[in-house]
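Residues per chain are reported as follows:
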Amino acid sequence: MAEDTLVRVEHLAKKFCRDLKTSLWYGVQDLGAEFVGKKKEEDIQLRNKEFWAVRDINFELKRGECLGLIGRNGAGKSTLLKMLNGLIKPDKGRIEMYGRIGALIELGSGFNPILTGRENIYNNGSVLGLNKKEIDGLLEEIIDFSEMEKFIDTPVQYYSSGMKVRLGFSVAAHMKPDVLILDEVLAVGDSGFKIKSFNKINEIMRDAAVIFVSHSMPHIANITNKVLLMENGVVDYYGENITDGIERYFGLFAGDKERVEYNEFATIEDMKVYASAKYADDPSRKLPAIDYRDPIRIDLDLKLKPNVEWFHIKLQITDKDLKIVGIYDSFQFQEAIKNDRDLHHLKITIPNSIFIDGEYSITVFIQQRDPINSKWNLLAVYRYWRKFNMKASAGLGYVPAVVYLPGQCEVV
Ligand SMILES: Nc1ncnc2c1ncn2[C@@H]1O[C@H](COP(=O)(O)OP(=O)(O)OP(=O)(O)O)[C@@H](O)[C@H]1O
């Protein structure tokens, strides 16, 4: 292995069985088979009710690199991490790892619940190959970082999830790991601890290789310099272009259907989002593309039931992470619109310059405010009804922010 390569994974695979009883029976068979002699890898096949949770995974990590492991629920990320950490045995393939491995995988894994936090620190330290003197030297730093002074002599079984994560991360991070493996568990910590942890990961990365599982793309974009996207147990993308990896990840959800949720009193007959002039003639674009300096222009044809007297329009703009990025509400700017015709042709213009690159969805609410009790009545909601692509010219790729802040920098 090259001198600074700390992790090498080749053709790694793990299968599971969907049925517990069958799985136990296979377990007994496998034990027997191992007793007689280990099976050749190429002879390992799926048996009835088995499936590959992880298949043919290959990657390498050097000191100073942080691999972001992403994918949908059930894609195989945790299974891969557990194999890396030696918690489960691969069925095929090879893992080479160099140095000390710090890991925070399952909540409380690696902790003995009946021992106190302090005793667990010594336990974990010795499993990682540190002697008592070395752990003595690190103890204060570990407790300080976790901010668990008051509870350090309490058995870990009485810790909350956040407290377990605090101690678990602090132990893994301070034992001078060469490889640090972190599952989403970090998300359980409160924001204060999360910020501290991310700073710590950046510090550790200088001398170690980090593998980090997360569903938060801003976190992935912030700290990783390589990304591996898993889909159904296999690699869908592996490379150093984080933007491409994240785009592909979001692309996995692109087929999700548009849907009307409720339209008893109003129906959208037609809705169009206009592309910017410079992108308008490009037929290869599936979605209208808008330059971030242009306004967002929308035409909406709307029919309301005759018993509706007047209404307001609200547009909720959501990014691919389903974060609501902005809301336009006609109530804020104008009187209610009178329902005085069969079909309303509405032209909505939203000035822009703040949206970052990416794909957005528009949810349309048609609503009415009761003049007597000021309550809002929902006439219709069309969720994720139209999509558009925002194009920022800066070419910054994936930006871990919600909006660009307009501003000026003057040399004075
Ligand atoms: N011990 C097990 N026995 C049987 N199936 C399992 C076992 N552990 C995991 N699986 C299955 O393997 C697949 C991969 O699960 P895994 O936990 O690795 O996914 P993940 O990518 O970490 O998902 P998430 O994002 O939800 O944490 C899933 O179909 C899961 O149900």
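In the annotation of an unreviewed UniProt entry, the entry for the protein chain reads ABC transporter ATP-binding protein, and the organism field reads Cryomorpha ignava. Quoted straight from UniProt, the Sequence similarities (unreviewed entry) entry for the protein chain says "Belongs to the ABC transporter superfamily."

Draft legend 1. Region of the structure containing the overall build of the protein chain. If you tally the helices and strands in the protein chain, you get 10 helices and 19 strands. Across its three principal axes, the protein chain shows a C-alpha extent of roughly 80 × 60 × 50 Å. Considering the protein chain as a whole, with its 412 residues, one finds that 31% of them fall into the buried category.

Draft legend 2. How the structure looks around the site of the ligand. Around the ligand, the neighbouring residues are Phe16, Ala53, Gly71, Asn73, Gly74, Ala75, Gly76, Lys77, Ser78 and Thr79. Of the residues forming the shell around the ligand, the biggest block, 3 residues, is contributed by helix H2 (residues 77-84).

Draft legend 3. Region of interest: the pairing of strand E8 (residues 226-231). Counting buried residues in E8 gives 5 out of 6 residues, a clear majority hidden from the surface. With 5 bridges joining them, E8 and strand E9 (residues 234-239) adopt antiparallel strand pairing. Among the inter-strand pairings, Glu231 is bridged to a residue of E9, identified as Val234. Remark: 2 residues form the turn of the hairpin made by E8 and E9, two consecutive strands paired antiparallel; Asn232 in that turn has positive phi of roughly 50°.

Draft legend 4. Seen up close, the packing of helix H3 (residues 117-127) against helix H4 (residues 132-146). At a closest axis distance of 11 Å, the pairing of H3 and H4 adopts a crossing angle of 130°. Taken together, H3 and H4 sit at an angle that is classed as oblique. Crossing of H3 against H4: the hand is right-handed. On the side of H3, the interface is formed by Ile121, Tyr122 and Gly125, while H4 contributes Ile135, Leu139 and Ile142. When grouped by side-chain class, the residues that make up the contact of H3 with H4 number 5 nonpolar, 1 polar and no charged.

Draft legend 5. The arrangement of the sheet that holds strand E6 (residues 179-182) in detail. Pairing within the open sheet is mixed, and its 6 strands lie in the order E5-E6-E7-E3-E8-E9. This sheet does not close on itself; its edge strands, each paired only once, are strand E5 (101-104) and E9. For this sheet, the mean angle separating the axes of adjacent strands, direction not counted, is 15°. Relative to strand E7 (residues 209-213), E6 runs parallel, the two being bridged by 4 bridges.

Draft legend 6. Structural context of the nonpolar core. In this structure, Leu69, Val179, Leu180, Ile181, Val210 and Ile211 are the most contacted members of the largest nonpolar core, which totals 63 residues. Of all the elements, helix H5 (residues 161-174) adds the most residues to this core, at 7 residues. Setting aside its immediate chain neighbours within four residues, Val179 contacts Leu6, Val7, Met97, Gly99, Ile101, Ala208 and Ala209. Counting residues in each nonpolar core, the second largest holds 23 residues, with Ile290, Ile298, Tyr360 and Phe365 among its members.

Draft legend 7. Main features of the domain arrangement of the protein chain. Considered domain by domain, the protein chain is made up of domain 1 (5-251) and domain 2 (259-391). Taking only C-alpha atoms into account, the centre of domain 1 sits 43 Å from that of domain 2.

Draft legend 8. Structural view of helix H1 (residues 20-36). Here H1 spans 25 Å end to end across 17 residues, near enough to the 24 Å set by a 1.5 Å rise per residue. Counting buried positions along H1 gives 0 out of 17 residues, so the element sits mostly on the surface.

Draft legend 9. Looking closely at the confidence of the model for the protein chain. When the pLDDT values of the protein chain are averaged, the result is 86; 94% of them are 70 or greater. Within the protein chain, strand E10 (residues 259-262) has the poorest average pLDDT of any element, 76, and E8 the best, 96. Here the prediction assigns the complex a pTM of 0.74, and the interface score ipTM is 0.97.

Draft legend 10. Focus on the sheet that holds strand E2 (residues 50-62). In space, the 3 strands of this open sheet follow the order E2-E1-E4, with antiparallel pairing throughout. Taken across any chain shown, the strands that pair with only one partner, and hence form the sheet edges, are E2 and strand E4 (92-97). On average, each strand axis in the sheet is inclined to that of its neighbour by 20°, with strand direction left out of account. The pairing of strand E1 (residues 5-17) with E2 spans 9 bridges and is antiparallel.

Draft legend 11. Spotlight on the environment of Lys49. Along the chain, Lys49 turns up in the loop between H1 and E2. C-alpha of Lys49 to C-alpha of Asp19: the two residues are 30 residues apart in sequence and 6.7 Å apart in space.

Draft legend 12. Focus on the pairing of E1. As paired strands, E1 and E4 are joined by 5 bridges and run antiparallel to one another. Counterpart to Val7 in the pairing with E4 is Met97.

Draft legend 13. Broad picture of the packing of H4 against H5. Where H4 contacts H5, the axes come no closer than 9 Å and their chain directions differ by 140°. Our classification of the angle between H4 and H5 gives oblique. Regarding H4 and H5, the two cross each other, and that crossing is right-handed. When H4 is examined against H5, the residues Leu138, Glu141, Ile142, Phe145 and Ser146 are found in contact with a partner set consisting of Arg166, Leu167, Ser170, Val171 and His174. Residues that form the contact of H4 with H5 fall into these classes: 5 nonpolar, 3 polar and 2 charged.

Draft legend 14. Molecular detail of unusual backbone geometry. At His11, a position not held by glycine, the phi torsion is positive, near 50°. Its place among the elements puts His11 in strand E1. With phi around 50°, Asn232 is a residue other than glycine that occupies positive phi space. Of the residues examined, Asn232 has 15 C-beta atoms within 10 Å and is grouped as partly exposed.

Scoring rules and cut-offs
- Residues numbered from 1 in each chain as written.
- Predicted model: local features only at pLDDT ≥ 70, side-chain atom pairs only at ≥ 80, totals over all residues.
- UniProt positions renumbered as here; feature names shortened; annotations may be inferred.
- Helix = DSSP H or I, 4+ residues; strand = E, 2+ residues; numbered from the N terminus.
- Buried ≥ 20, exposed ≤ 12 C-beta atoms within 10 Å, placed from the backbone.
- Near = placed C-beta within 6 Å.
- Pairing = 2+ DSSP bridges.
- Axes fitted to C-alpha atoms, helices over the stretch in contact; angles between N-to-C directions.
- Parallel < 35°, antiparallel > 145°, perpendicular 65-115°, else oblique.
- Left-handed = near helix turned anticlockwise from the far one by under 90°.
- Contact = placed C-beta atoms within 7 Å.
- Nonpolar A, V, L, I, M, F, W, Y, C, P; charged D, E, K, R; others polar.
- Core = buried A, V, L, I, M, F, W, Y, C linked by C-beta atoms within 7 Å.
- Domains from an automatic or database assignment.
- Expected span 1.5 Å × (residues − 1).
- pLDDT = per-residue confidence, 0-100.

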